[in-house]
Each structure stands twice: as structure tokens, then as C-alpha cells.
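A closer look at the structure
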Amino acid sequence: MADDPDTEHRYDAVVVGAGFAGLYSLHKLRSLGLSARAFEAGSGVGGTWYWNRYPGARCDVESMEYSYQFSDELQQEWRWSERYSPQPEILSYLNHVADRFDLRRDIQLDTRVDAAHFNETSGRWAVRTSDGASWSSRFVIMATGCLSTANMPDFKGRDSFRGPIYHTGKWPHEGVDFTGKRVAVIGTGSSAIQSIPIVAEQASQLFVFQRTPNFSVPAANRPLDEEEVRRVKSQYGELRRMASQMGFGFNTRSVETSAFDVSEEERTAEYEARWQSGGLPFMAAYSDLILDKRANDTAADFVRAKIRQLVRDPVVAAKLTPHTTVGCKRLCADSGYFETFNRANVTLVDVNEAPIEEITPTGLRAGGKHYEVDVIVFATGFDAMTGAALAIDIRGKGGLSLRKKWEAGPRTYLGLATAGFPNLFLITGPGSPSVLTNMVPSIEQHVNWIGDLLTFAKQRQGERIEANVDAEDAWVSHVNEVAGATLYPTCNSWYLGANVPGKPRVFMPYLGFPEYVVKADEVARNGYEGFSIE
Ligand code: NA7
């Protein structure tokens, strides 16, 4: 591939993706005086929030925290309407950001990056896009998202189905009307849990095919009132600072107390209070819930008892009850999920008892029984954290391909860069806290950090920035060691790649926030130790 196309196709930086990470990267690069072009596969900006339009899609981090803070004007002027933003509102927000900061003129939509090859002689990346064009850039910023490559299990006969098949992460823009339809939903992760109550209201019959029952707590979503919005906006800086010190980068009301420092009555009262107030802070009730199985059982048993109360049929309740560790898969937040199984038009099919044998022209056969349906929804998740980057033919020094390098699992230094691939940066890549935190501040932290690194390199006439192998090896060991001291690796989650057949089983996110930020700042203070800048 040519790495020095005409000047029109030469940029200081190419940004891959125009979601939260891509938009802010573009803004940051411009502010550093660098020329940049972003490529986005979708026909609009928004990334995750452009694609995931399934019914009920909303964020499970509170709106006023799940938003940018790089511009105080922006955070003061934008008005969120609900405690947890629905997808259309987040998408409007990102479109507003694109307009407000005049980003669109450097974003090329409907264009995938197919390949990026590093030329050692010129020190530049040759980038090829799906429109057949070639681009040359010094830096490549992978703003490709953690949950952006749909996982479509290849059930026998999948293509024979005569009706529509939808994946929650590639939802049709015109929406889907399920009224009077017989519907199958495969999967019971967060996307399924959000959409099932709504689909059930429309469909004549809904069959839910569950492989692993999931823990979910009420979202307790509600409109945001004026007073609350005013209060948050008047203290935004301080609230953001406090959130940056919290275990997951948002206000989880976390405590240092062990589940066993209190009596059973106190513990139950605490779980009940968190259940009532809703959302992910449930997991922050005690400091050892994700460290000690016995402590975890106290929270898990609380949720299991709730499921038994909410679901009238004890056989269905038992099937919906998870036996695993609460929180070691991403905890879900729902609006009436378990209650939906009390409806006469909803049937739960446990695929452990009745495995999906095939998809037929008119439905699904599972456990020897045929389920006639008009529509099939795959709520089967994503090839998380590495899927989008590895879909691109990325080649670094010596022609080394990223796919080859990450064959046994992703290897990065700080989740930001990978040895052998100079000037290529990952936003919230594997090995960074990313999906275990509030994504938006984590994205901003990465982009700001990379921006500072580029400035540092420029001041020293450094042209090539590359993570060192020993720093990377030490970081990968550290990430594994920290994860290994928790209960996280004990479940088959997408954090481990366990949902995608054949994917190496490696715990990908880094479990250490806010320590991660302290470490990244220390690396910067020490002249970006662990990087070679030449
Ligand atoms: P998830 O959480 O990965 O959920 C996917 C669901 O699909 C989950 O219940 C899977 O069961 C199920 N699944 C996947 N493959 C199959 C096959 N082959 N057969 C049956 N069932 C299957 O994805 P979501 O989109 O719901 O949520 C992703 C994240 O978005 C979420 O964590 C939040 O952070 C927001 P499994 O549990 O693997 O047995």
C-alpha cells in the first residue's frame, strides 16, 4: 500500500470511529494543531449509540455522569431528560457535539478502515478505506469501541429463516413493529433485558431463549426534575472530581466496609435500599462483594429472593435464577424484566435443557420442539474489546500483524499502545479500565493523556512513539494478577471473551480505577517511561 498519497490524502492523524472516543479525539487533535480525518462505518456519528437502537436501549450509568466534561459550556447547556438516557437522546447529544465543535467536516461517514500498515522507512501509516482510497498519516487513533462487533452465533439453518432476523447491535433505523408478531429473542444479557419488556407488550407471543440466567436490579429510571439538574450543574466540577476517585469512575456510593462487618439485618436493609434506589451502585454496597465468594453470596441470595418474589411461576422463577456470582458478568439494570415472565404471552426456554438445534424457515427447533415465529432477535452480544480492532488488517514493524500478535489474547501497555505498532493508539483498549468504568470520562482521560504524549514527543522532536516490550509484558502480567485476585475470572463473561467460540480466554479490562489514572500520570511524569520516543 502506498504511504505517501497526494497531499489531499495526507494527515497527521487518522481516527477510526466517530463515537464518543472518535469525536473527542478529533477535537483534541485539532486543538493540538494537527490535521486529522475520522472514518466512520455508520451513516452518522454516535458509534455504539448509532447502532444499538433496539427497543428500550438506554445507558446504565446516569445521564449527567455519562457525558463529556471537556467543555463546561457543553455540560451546562445540554439538558438530559431522564436519570438514564434513552439511546435517541444520547445520539442527539453526540450529533449536537459534532455540530457544536464543527467536527463533521473532518468525518467521512459510510467508510470503514480496512487496513493500516506501518512503513518503517517513512514512519507513516498507510491506511486503506472501504471506498478504495488510500491515506497516509503519522498517527492512527483506534476509537473503535469496546462493544461494536456483533456476535452472530452461526446456528444451523440460520439463513433459511423466511422472516427477518435482527441483532440488537445492528437495529434497523426505521424501528421494528412487533405488534401481533410471534417473536423469538435469543440471549438474556443487558440488551435482551432492556428490550424484552417492551417487545412483550407488542408481540402476540414471545419466546425467550436463555443460555445463562442473569442478575439484574431495577434501574428505577425517572425523569430528571429541574431542581436536580440545577443542583448538579451548579457543582459539576466538584461532582466530576469526586466521581473520578470512585471505584468505577462514577458515583456508586461505594464504601470500605466488608459485608461481614455488619449484621445480617443491616446488610439486608442496605441491599433493599440500593435495590429501591436502583442501578449499578447495588454492587458497591460492600467492598468485598467481588473479592470474596461468601460476601458475594449474600448479595446474590438477596437478588435470587427478589426473583422468586417477582416471578409467580416457581418453575420459571427457578430457571431465571442465576447460580453464578453477582457482578462478575456485567450487572444488568432493568425496567420490569422479571415481571415480564408473568405475562401469558411470554415463554422462557432454557437452552441448557432444550438446546437450539436449528433455525428453520418458520422458526426454531430446540430440545426437539419447534417454535413457530415471525421474527428472530439475536441479543447475543459482541466480540468485545478486540473485535473491532482485529477486523482491520493492522500491520506494524516488520509486517507484524496485530491479529498474529494478539492470537493468544490482547497485549498492550496501559491499554493505550502495543509494542511493534509505533504511533498507533487505542482508546479504552484491552488492558485499560474501560468497560469497568464510566466510559465517557475514561475516554476523555485516554484522549487527554495521548494528547499530552504527542505534545511531549513534539517538544523533543520525537517522531515515533512506541510501547516497549518489557513495559507491555509487565503491564499484561499486572492486569492478569489484579483480575486473578477477584471473582471476575470465575464466570463465562465477555470480559473474558468466553461468549465467542474460539476466542482466547483472557480477562481483558484492567480492574483498577482510579489507580490506573494515578499510574498513567506517573508514567507521564517520568518522561513516559515504558515508551520509546525517537
Ligand atoms: P451480552 O451481555 O454479551 O449478552 C449476550 C447474551 O446472548 C447472553 O445471554 C449470552 O449467553 C447469549 N448468547 C450468546 N451466544 C449465544 C448462543 N450461541 N446461544 C444462546 N445464547 C447465546 O450482550 P448484550 O448486548 O446484552 O450486552 C452487552 C453490554 O452492553 C452489556 O454488558 C452492557 O455493558 C451494555 P451467555 O451469558 O454467554 O451464556
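Being a predicted model, the structure only gives us computed values, none of them experimental.

**Notes on the side chain of serine 434**
Looking at where serine 434 falls in the secondary structure, it is placed in the loop between β18 (424–426) and α14 (439–459). What makes serine 434 buried here is its relative accessible area of 0%. For serine 434, the contacting residues outside a window of four places in its chain are Cys146, Met385, Thr428, Gly429, Met439 and Pro509.

**So, the environment of valine 315**
Inspection of the secondary structure assignment puts valine 315 in helix α10 (residues 314–320). Separated by 132 residues in sequence, valine 315 and valine 447 have C-alpha atoms that sit 49 Å apart.

**Examining the sheet that holds strand β13 (residues 356–360)**
In space, the 3 strands of this open sheet follow the order β13-β14-β15, with antiparallel pairing throughout. Edge positions in the sheet fall to β13 and β15 (369–372), since each of these pairs with one other strand and no more. Across the sheet, the axes of successive neighbouring strands diverge by a mean angle of 20 degrees, strand direction being ignored. Where strand β14 (residues 363–366) meets β15, 4 bridges bridge the pair, whose relative direction is antiparallel. The residue of β15 that forms the bridge with leucine 364 is tyrosine 371.

**Describing the pairing of strand β1 (residues 10–16)**
Extensive coverage of β1 is indicated by the burial of 5 of its 7 residues. Inspection of the sheet shows β1 paired to strand β6 (residues 134–142) by 6 bridges, in the parallel sense. When the sheet's bridge partners are listed, valine 14 is paired in β6 with valine 140. Across 4 bridges, the pairing between β1 and strand β2 (residues 36–39) is parallel.

**Notes on the site of the ligand**
With respect to spatial proximity, 19 residues lie near the ligand, and among them Thr188, Ser191, Arg211, Thr212 and Lys329 are the closest. For the ligand, an oxygen atom lies 2.9 Å from a polar atom in the backbone of serine 190. One of the side-chain nitrogen or oxygen atoms of tryptophan 494 is found 3.0 Å away from an oxygen atom of the ligand. Computed on the free molecule, the ligand has an accessible area of 770 Å², of which 87% lies beneath the protein chains in the complex. Broken down by class, the residue content of the shell around the ligand amounts to 7 nonpolar, 9 polar and 3 charged.

**Some remarks on the sheet that holds strand β16 (residues 375–378)**
Two strands in a sheet stick together by hydrogen bonds in their backbones, pointing the same way (parallel) or opposite ways (antiparallel). Ordered by their spatial adjacency, 5 strands build an open sheet running β7-β16-β8-β9-β12, and the pairing between neighbours is parallel. For this open sheet the edge positions go to β7 (165–167) and β12 (346–350), each flanked by a neighbour on one side alone. The sheet shows a mean angle of 20 degrees between the axes of neighbouring strands, direction not considered. Bridge count between strand β8 (residues 182–186) and strand β9 (residues 205–210): 5 bridges; the pairing is parallel. Residue pairing across strands places alanine 184 opposite phenylalanine 207, the latter belonging to β9. Contacts from helix α5 (residues 190–202) reach β8, β9 and β12, with the element oriented near 160 degrees to β9.

**Overview of the pairing of β13**
Relative to β14, β13 is paired through 4 bridges, and the arrangement is antiparallel. Considered in β14, the bridge of isoleucine 356 is made with alanine 366. Hairpin connection from β13 to β14: 2 residues lie between these consecutive antiparallel strands.

**Section: the environment of leucine 289**
Looking at the secondary structure, you find leucine 289 in the loop between α8 (264–277) and α9 (293–310). When its relative accessible area of 0% is taken as the criterion, leucine 289 is described as buried. In sequence terms leucine 289 and leucine 487 are 198 residues apart; their C-alpha atoms lie 8.8 Å from each other.

**A closer look at the packing of α14 against helix α16 (residues 515–525)**
It is at 11 Å that the axes of α14 and α16 come closest, and there the two elements cross at 5 degrees. By the angle between their axes, α14 is roughly parallel relative to α16. Facing Gln445, His446 and Trp449 of α14, the residues of α16 in contact are Tyr516, Val517, Ala520, Asp521, Val523 and Ala524. Across the contact of α14 with α16, the residue classes break down as 6 nonpolar, 2 polar and 1 charged.

**A look at the pattern of salt bridges**
Close approach of charged atoms lets side chains of opposite charge pair. In the structure shown here, the tally under the stated rule is 25 salt bridges. A salt bridge links aspartate 383 to lysine 503, with the nearest nitrogen and oxygen atoms 2.6 Å apart. Here aspartate 383 is found in the loop between β16 and α12 (387–390), whereas its partner lysine 503 is found in the loop between α15 (469–484) and α16, with 120 residues between them in sequence. A network of salt bridges, in which partner residues are shared, links Arg30, Asp102, Arg105 and Asp106.

**What about the state of the cysteines?**
Summed over the entire model, instances satisfying the criterion amount to 1 disulfide. There is a disulfide in this structure between cysteine 328 and cysteine 491, and the S-S distance comes to 1.6 Å. Of note, the bridge from cysteine 328 to cysteine 491 carries an S-S torsion of about -85 degrees and is left-handed in sense. Residue cysteine 328 is found in the loop between α10 and β11 (332–334), and its partner cysteine 491 is found in the loop between α15 and α16; the two are separated by 163 residues along the sequence. Accessibility classification places cysteine 328 together with cysteine 491 in one group, the buried group. Between cysteine 59, a free cysteine, and cysteine 332, which holds the nearest cysteine sulfur, the sulfur-to-sulfur gap is 13 Å. The buried category is assigned to cysteine 59, whose relative accessible area is 5%. Between cysteine 332, a free cysteine, and cysteine 328, which holds the nearest cysteine sulfur, the sulfur-to-sulfur gap is 12 Å.

Criteria and cut-off values
- Residues numbered from 1 in each chain as written.
- Predicted model: local features only at pLDDT ≥ 70, side-chain atom pairs only at ≥ 80, totals over all residues.
- Heavy atoms only, no water.
- Helix = DSSP H or I, 4+ residues; strand = E, 2+ residues; numbered from the N terminus.
- Buried < 20%, exposed > 50% of the residue type's maximum accessible area, 1.4 Å probe, protein only.
- Contact = heavy atoms within 4.5 Å.
- Pairing = 2+ DSSP bridges.
- Axes fitted to C-alpha atoms, helices over the stretch in contact; angles between N-to-C directions.
- Near = heavy atom within 4 Å.
- Polar contact = N/O pair within 3.5 Å; in protein donor to acceptor, adjacent residues only side chain to side chain.
- Areas by Shrake-Rupley, 256 points an atom, 1.4 Å probe, with all protein chains shown as cover.
- Nonpolar A, V, L, I, M, F, W, Y, C, P; charged D, E, K, R; others polar.
- Parallel < 35°, antiparallel > 145°, perpendicular 65-115°, else oblique.
- Salt bridge = Lys/Arg side-chain N within 4 Å of Asp/Glu carboxyl O.
- Disulfide = S-S within 2.5 Å.

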